[in-house]
Amino acid sequence: MKLKEDDFYKRFSDEENITKPIKWNIVILVFILALPIILLPEVLKIIYISMILSILAYVLLKVISIKIISSYINKKSLIMHELQDLNKIYTQKFHSVSNDKHDIFMKSKKHFDNVNIDKEAYEVIQLQLYYYNDIIDKINSNRKVFEEYNAKTNEVLINHKNHTQKNKWFKSLEQKAFESEIITPMLNYKLDIYIKYITNIRENTYVKNKAFDLIDIKDIIADILFDNEFKKTYEFHKKSERAKMNDKLRFQVFKRDHYQCKICGTSEKEGAKLHVDHIIPISKGGETTLNNLQTLCESCNLGKGDEYL
Ligand SMILES: [Zn+2]
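Residues numbered from 1 in each chain as written. Predicted model: local features only at pLDDT ≥ 70, side-chain atom pairs only at ≥ 80, totals over all residues.

Enquirer: I'd love a proper account of the overall build of the chain, names of residues and values included.
Expert: Scanning the chain from N- to C-terminus turns up 11 helices and five strands. For the chain, contacts bridging at least 24 residues in sequence account for 72% of all contacts bridging at least 6. (Helix = DSSP H or I, 4+ residues; strand = E, 2+ residues; numbered from the N terminus. Contact = placed C-beta atoms within 7 Å.)

Next comes the structure, spelled out in structure tokens:
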């Protein structure tokens, strides 16, 4: 279900990403149109220029008439009035969100070759967890509000289906104007991660790229939160197990082990300094209980470190 929903919204976000190319075609067109003015003989030149001028006049008239018609529609159309009222309310309800692009530069070609983009994304998001959580909230809110807005705009169309002007021409223009005024908020988000490596001589630039959509980011945030929770419980375990050690417990361990080191057997009487040791270290999940504790002399304890015995 979720996947389908996101696919639906992708359609909207993709539209935002269309970049406008340089209008070279217009530059070339103007050049080609100007060429006959220089090349043609006098009589044809006049005909040509008047032809071009009349085309320009036609285009100009059309633009002006569209302006006049649309302002007329905006004034006369009931559905446009209702849509404008809805838009006033909903432009404030939609959050503005923009896609992000993140560059990460690698120290060497080897780093570049072995880089794990997912891991890099994890780190990028971890550093700004609040920001990415906020984006998820905003997009979710936009989707919800957009559904509500869509229902209301449809309602406007249905309510006026039979009441609007009978003029077909007006109706079709009204429909077009209505569609063009419908707000499309940001319904999806994309984080582009670019891994780059520029060689020292600056001759080569290597680039790898991966895009993370809202679902990917949600998954990464879930991983981050899980890892944080794990670290927290681990730290808590370490603290609480250390706090359980006290003189009474220490005495119980020494007594049970007959005041002797469990490894070399030396006793306090022979001058050994006795320690209480965790058999399974706390750092490896061991607990501070009689079963997991043993008596060791100082030198055996230092030799043991964090190793299991
Ligand atoms: Zn010992």
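Past the structure itself, the notes keep going.
Enquirer: An account of the packing of helix 7 (residues 129-159) against helix 9 (residues 214-243) is requested, with residue identities and associated values reported.
Expert: Running from N to C, helix 7 and helix 9 point in directions that differ by 135°, and their axes come no closer than 11 Å. One way to sum up the angle between helix 7 and helix 9 is to call them oblique. At the point where helix 7 passes helix 9, the crossing takes the left-handed sense. On helix 9, the residues touching Leu129, Tyr132, Asn133, Ile136 and Ile139 of helix 7 are Leu214, Ile217, Lys218, Ile221 and Ile224. In the contact of helix 7 with helix 9, the residues fall into eight nonpolar, one polar and one charged. (Axes fitted to C-alpha atoms, helices over the stretch in contact; angles between N-to-C directions. Parallel < 35°, antiparallel > 145°, perpendicular 65-115°, else oblique. Left-handed = near helix turned anticlockwise from the far one by under 90°. Nonpolar A, V, L, I, M, F, W, Y, C, P; charged D, E, K, R; others polar.)

Enquirer: Explain the sheet that holds strand 1 (residues 100-105) to me, using residue names and the numbers behind them.
Expert: Two orientations exist for strands paired in a sheet by backbone hydrogen bonds: parallel and antiparallel. If you walk across this open sheet you meet the three strands as 1-2-3, and the pairing is mixed. The open sheet has two edge strands, strand 1 and strand 3 (205-213), and neither has a second partner. Looking at each pair of strands side by side, their axes are set apart by 20° on average, direction ignored. One ladder, built from six bridges, connects strand 1 with strand 2 (residues 190-198); its direction is parallel. Pairing of Ile104 across the sheet is with Ile195, part of strand 2. Set on the sheet, helix 6 (residues 117-127) makes contact with strand 1, strand 2 and strand 3; between it and strand 2 the angle comes to about 115°. Packing of helix 9 onto the sheet brings it into contact with strand 2 and strand 3, and relative to strand 3 it is tilted by some 85°. (Pairing = 2+ DSSP bridges.)

Enquirer: Residues and numbers for the nonpolar core, please.
Expert: One broad rule of soluble globular proteins: the nonpolar side chains tend to lie buried together. Core analysis: the largest hydrophobic core is formed by 17 residues, its most contacted members being Ala121, Ile125, Ile139, Tyr189, Ile193, Phe212 and Ile217. Broken down by secondary-structure element, the contributors of at least two residues to this core are helix 6, helix 7, strand 2 and helix 9. Here the element with the most residues in this core is helix 7; it accounts for five residues. Non-local contacts of Ile217, meaning those with residues more than four positions away in its chain, are made with Ile125, Tyr132, Ile136, Leu191 and Phe212. Counting six residues, the second largest nonpolar core, distinct from the first, contains Leu274, Leu296, Cys297 and Cys300. (Core = buried A, V, L, I, M, F, W, Y, C linked by C-beta atoms within 7 Å. Buried ≥ 20, exposed ≤ 12 C-beta atoms within 10 Å, placed from the backbone.)

Enquirer: Tell me about the packing of helix 2 (residues 24-39) against helix 3 (residues 42-76), residues and numbers included.
Expert: For the pair helix 2 and helix 3, the least separation of the axes is 9 Å and the interaxial angle reads 155°. With respect to each other, helix 2 and helix 3 are oriented roughly antiparallel. By crossing handedness, the relation of helix 2 to helix 3 is classed as left-handed. Contacts between helix 2 and helix 3 involve Leu33, Pro36 and Ile37 from the first element and Lys45, Tyr48, Ile49 and Ile52 from the second. Each residue belonging to the contact of helix 2 with helix 3 can be placed in one class, and the counts come to six nonpolar, no polar and one charged.

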